[in-house]
Amino acid sequence: MELAARRVVLGISGGIAAYKSAELVRLLVGAGASVQVVMSEAATRFVTPVTFQALSGKPVFTDQWDTRVANNMAHIDLSRGADALLIAPASADCLAKLAHGLADDLLSTLALARECPLLVAPAMNRQMWENPATQRNVTLLRSDGVEIIGPATGEQACGENGPGRMLEADEILAALLAHFQPKLLRGRRVLLTAGPTFEAIDPVRGISNLSSGRMGYAIARAASDAGAQVTLVSGPVALSCPYGVRRIAVTSALEMHAAVHREVADNDVFIAVAAVADYRPVKPLAEKIKKGMQTSPPTITLVENPDILGEVAALARPPLCVGFAAESEKLHEYAERKRRSKRIPLIVGNLIGDGFGGDENTLVLFDDEGQHPLPKAPKIALARQLVARISALLESLAWQHRSLGA
Ligand code: C5P
């Protein structure tokens, strides 16, 4: 329940993307938020207020002169005490009104009278988005501190292809959740590895493991939500890239190794979450191995993969390195031993009794100050705690540098 006790006013302006807002209300409510929907008159032409009333469990407001508000001040009352005003979809007309302080209906008046942050998810045809007038308005809104979420590029309802499509409901929710996170890593650059690697035996077979990538993806998201610029080098997983994160897709350990070395310079933090295969077949076969063609079963000769984390930690000017130790027994002993052998300041121990891949996890952090257990929780909650620990370590390292006069 990441939005428990949060009050969100969801403004809906006139655009076909209003159909996605129904799903957005469902997701916001599911995350624990109390959602008050306010629609422009044009929005009600696309989806009726009844839909949003049913999904939010609250009457929907569309009219400045609504007599249900006793003092006739719906524009003040509705956003009072709100944690955020989110307008999705925000049409070109809506952005223009917001940028210039127009207040000729309930939604625009409410936006002008608000005390809370404003986030907008633009949705319009490509030409309308690219029009210099819209771009001017977006620049004005940004300079006023309004957060612009999206838009996405892709196929549009009008049949065209290009920028202007509203983000999907889950991406808008992710952006709102990010908005509420403390910016502990603002200005920092974070590089991560995540997922399994796949080591080819022949063109159709290989060696891999059951890492789902979820813990690494949760950490990438948490770091990005905390304000960092995040690059995620990911092995093959069935997960979509977290909002705001740059992903580099790789398959084998050697590809992951090459991508990390290409990217690592100028990063403040390197977090190795990937379950990298320890060994790979010496040379993948060019043709598929055929059953019955050999007199005896084929043998696969393996060679050790490079230790990506170990190499990064041994660089002349390494980023702050964080490793993972997934163990099936003796977690404390093995994790601490690993931390010392790889010479890294922080290792995250993970007892994999239940195997890989669940939504929850139990972790123990090991650093110079000792161990710090993180009780069982959803992976994103653990990821946010890990990010807080990393931010504290960065601060103390910066302090050490300053006091050493470096
Ligand atoms: O050496 P071991 O595999 O036990 O250490 C696990 C940690 O090292 C994890 O953080 C993992 O991402 C990283 N690792 C790596 N390259 C390898 C093997 C492990 O970066 N080849």
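Heads up: the structure comes first, above all this text.
Residues numbered from 1 in each chain as written. Predicted model: local features only at pLDDT ≥ 70, side-chain atom pairs only at ≥ 80, totals over all residues. Heavy atoms only, no water.

## Points about the packing of aromatic side chains
Counted according to the given criterion, the structure contains zero aromatic pairs. For Arg6, the ring lying beneath its charged end belongs to Phe180, and the centroid distance is 4.0 Å. The ring of Phe61 carries Arg68 above its face, with NZ or CZ at 4.4 Å from the centroid. (Phe/Tyr/Trp six-rings, centres within 6.5 Å; stacked < 30°, edge-to-face > 60°. Lys NZ or Arg CZ within 6 Å of the ring centre and 35° of its normal.)

## Focus on the packing of helix α1 (residues 18-30) against helix α3 (residues 49-56)
Between two packed helices, the angle of one axis relative to the other and the distance separating the axes together describe the packing. Packing of α1 against α3 leaves a shortest axis separation of 9 Å and a crossing angle of 15 degrees. With respect to α3, the axis of α1 lies roughly parallel. For α1 against α3, the interelement crossing comes out right-handed. Facing α1, whose interface residues are Ala18, Ser21, Ala22, Val25, Arg26 and Val29, α3 presents Thr51, Phe52, Leu55 and Ser56. Split into classes, the residues belonging to the contact of α1 with α3 amount to six nonpolar, three polar and one charged. (Axes fitted to C-alpha atoms, helices over the stretch in contact; angles between N-to-C directions. Helix = DSSP H or I, 4+ residues; strand = E, 2+ residues; numbered from the N terminus. Parallel < 35°, antiparallel > 145°, perpendicular 65-115°, else oblique. Left-handed = near helix turned anticlockwise from the far one by under 90°. Contact = heavy atoms within 4.5 Å. Nonpolar A, V, L, I, M, F, W, Y, C, P; charged D, E, K, R; others polar.)

## A closer look at the site of the ligand
The full set close to the ligand counts 13 residues, and Ala272, Ala274, Pro306, Phe324 and Lys338 are the nearest of them. Here an oxygen atom of the ligand sits 2.6 Å away from a polar atom, N or O, in the main chain of Ala272. Protein contacts shield 82% of the accessible area of the ligand, which totals 450 Å² for the unbound molecule. For the shell around the ligand, the secondary structure elements donating two or more residues are α12 (308-313), β16 (320-327) and α13 (331-342). Tallied by class, residues from the shell around the ligand come to eight nonpolar, one polar and four charged. (Near = heavy atom within 4 Å. Polar contact = N/O pair within 3.5 Å; in protein donor to acceptor, adjacent residues only side chain to side chain. Areas by Shrake-Rupley, 256 points an atom, 1.4 Å probe, with all protein chains shown as cover.)

## Quick look at the environment of Pro59
Tracing the sequence through the fold places Pro59 in the loop between α3 and α4 (74-77). Residues Pro59 and Gln36, 23 residues apart in the sequence, show an inter-C-alpha distance of 7.9 Å. Every residue in contact with Pro59, bar those within four places of it in the chain, is listed here: Gln36, Val37, Gln53 and Arg68.

## Focus: the layout of surface pockets
Taken as a whole, the second largest pocket holds about 840 Å³ of empty space. Forming the boundary of the second largest pocket are 23 residues, of which Ala174, Arg221, Ser240, Pro242 and Ile380 lie nearest the centre. Of all the elements in the fold, those that place two or more residues in the lining of the second largest pocket are α9 (169-179), α10 (214-225) and α14 (379-403). Tallied by class, residues from the lining of the second largest pocket come to 14 nonpolar, one polar and eight charged. There are two domains that each give the lining of the second largest pocket at least three residues, and those are domain 1 (7-179) and domain 2 (189-405). (1 Å grid on protein atoms, 1.4 Å probe; cavity = no way out; pocket = protein on both sides within 12 Å on 5 of 7 lines; lining within 4 Å. Points joined across faces, edges and corners; volume = space filled by probe spheres on them. Domains from an automatic or database assignment.)

## So, the pairing of strand β19 (residues 370-378)
Bridge analysis of strand β18 (residues 360-367) against β19 gives seven bridges, and the strand direction is antiparallel. Bridging across to β19, Leu363 finds its partner in Leu374. In this structure, the hairpin formed by β18 and β19 is closed by a connection of two residues. (Pairing = 2+ DSSP bridges.)

## Structural notes on the sheet that holds β19
Spatial strand order, β12-β11-β8-β13-β16-β17-β18-β19: eight strands in an open sheet with mixed pairing. At either end of the open sheet lies a strand with only one pairing partner, and these are β12 (246-249) and β19. Across this sheet, the average inter-strand angle for adjacent strands is 20 degrees, counted without regard to direction. When strand β13 (residues 269-272) meets β16, the two strands line up parallel, connected through three bridges. Considered in β16, the bridge of Val269 is made with Leu320. The strands touched by α13 are β16, β17 (346-351), β18 and β19; relative to β18, the strand with the most contacts, the crossing angle is about 50 degrees.

## Observations concerning the pattern of salt bridges
Under the counting rule described, the total for this entry stands at 26 salt bridges. Across the pair Glu41 and Arg45 runs a salt bridge, and its minimum N-O distance is 3.2 Å. Look at Glu41 and you get partly exposed, because its relative accessible area is 47%. Through salt bridges with shared partners, a single network forms among Glu2, Arg221, Asp225 and Arg384. (Salt bridge = Lys/Arg side-chain N within 4 Å of Asp/Glu carboxyl O. Buried < 20%, exposed > 50% of the residue type's maximum accessible area, 1.4 Å probe, protein only.)

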